[in-house]
Amino acid sequence: HVQLVESGGGSVQAGGSLRLSCAASGNTDSLKCVGWFRQAPGKEREGVAAIYNARGMTWYADSVKGRFTISQDNAKNTAYLQMDALKSEDSAMYYCAAEDRGIRRMNQIQTSGFMDTGDFDIWGQGTQVTVS
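Residues numbered from 1 in each chain as written. Predicted model: local features only at pLDDT ≥ 70, side-chain atom pairs only at ≥ 80, totals over all residues. Heavy atoms only, no water.

Caption draft 1: A look at the pairing of strand S5 (residues 46-52). Most of S5 sits out of view: six of its seven residues are buried. Pairing geometry for strand S4 (residues 34-39) and S5, over five bridges, is antiparallel. Note that in S5 the partner of Phe-37 across the bridge is Gly-47. Connecting S4 to the next strand, S5, in antiparallel fashion are six residues, including Gly-42 with a positive phi near 80°. When S5 meets strand S6 (residues 57-60), the two strands line up antiparallel, connected through four bridges. Bridge assignment links Ala-49 to a residue of S6, and that residue is Tyr-60. Taking the residues between adjacent antiparallel strands as the criterion, S5 and S6 are bridged by four residues, where Gly-56 takes a positive phi near 65°. (Buried < 20%, exposed > 50% of the residue type's maximum accessible area, 1.4 Å probe, protein only. Helix = DSSP H or I, 4+ residues; strand = E, 2+ residues; numbered from the N terminus. Pairing = 2+ DSSP bridges.)

Below is the structure:
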């Protein structure tokens, strides 16, 4: 049984930074790709970044490219989302998620330019980010 727990959300002024963390516990050996999604009120959940650390592969949505950085520390079983130059439109609940297909998933994401919520099996509870 794997659990993901996000932390690091909060309120920040436009132009500021936050770093979100996603700590995994349990049988983490099966986890391959980790993704960050966000959902604003009244909007669909959208993928913003993904990482397959074993191959050093990352992907970013155009809306966050150049401002957000995804990383992973395997020794700590923790993934991070560094968010810089935050904008009001970045305000949302942020979720981390994980899946077990690895490179096939990352190739799919990089080819399609899209992260599908259905492709990720394990989800955290979310952390709120508010940018004013």
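Caption draft 2: Region of the structure containing the packing of aromatic side chains. One pass over the full model with this rule turns up three aromatic pairs. The interplanar angle of 80° and the centroid separation of 5.3 Å between the aromatic rings of Phe-37 and Phe-120 together place this pair among those described as edge-to-face. Taken together, the positions of Phe-37 in strand S4 and Phe-120 in the loop between helix H1 (103-112) and strand S10 (122-123) put the pair 83 residues apart, joining distant regions of the chain. A relative accessible area of 4% means that Phe-120 is categorised as buried. Aromatic pair Phe-37 and Trp-123: ring centres 4.8 Å apart, planes at 50°, arrangement tilted. Of the two residues, Phe-37 is situated in strand S4 and Trp-123 in strand S10; the sequence distance between them amounts to 86 residues. Using a relative accessible area of 0% as the deciding quantity, one classes Phe-37 as buried. Ring pairs connect the aromatic residues Phe-37, Tyr-95, Phe-120 and Trp-123, which therefore count as one cluster. Looking at Arg-45, its charged tip hangs above the ring of Tyr-95, at a distance of 3.7 Å from the centre. Seen from the ring of Trp-123, Arg-45 lies directly overhead, with NZ or CZ sitting 5.0 Å from the centre. (Phe/Tyr/Trp six-rings, centres within 6.5 Å; stacked < 30°, edge-to-face > 60°. Lys NZ or Arg CZ within 6 Å of the ring centre and 35° of its normal.)

Caption draft 3: Structural detail: the pattern of salt bridges. Applying the stated rule across the entire model yields six salt bridges. Of the charged contacts in the structure, one is a salt bridge between Asp-90 and Arg-38, with a shortest N-O distance of 2.9 Å. Placement of Asp-90 in the loop between strand S8 (78-83) and strand S9 (92-98) and of Arg-38 in strand S4 is noted, with a sequence separation of 52 residues between them. According to the relative accessible area criterion, Asp-90 is buried, its value standing at 0%. Its salt-bridge partner being Asp-90, residue Arg-67 comes within 2.7 Å of it at the nearest N-O pair. With Arg-67 in the loop between S6 and strand S7 (68-73) and Asp-90 in the loop between S8 and S9, this pair connects stretches of sequence that are 23 residues apart. (Salt bridge = Lys/Arg side-chain N within 4 Å of Asp/Glu carboxyl O.)

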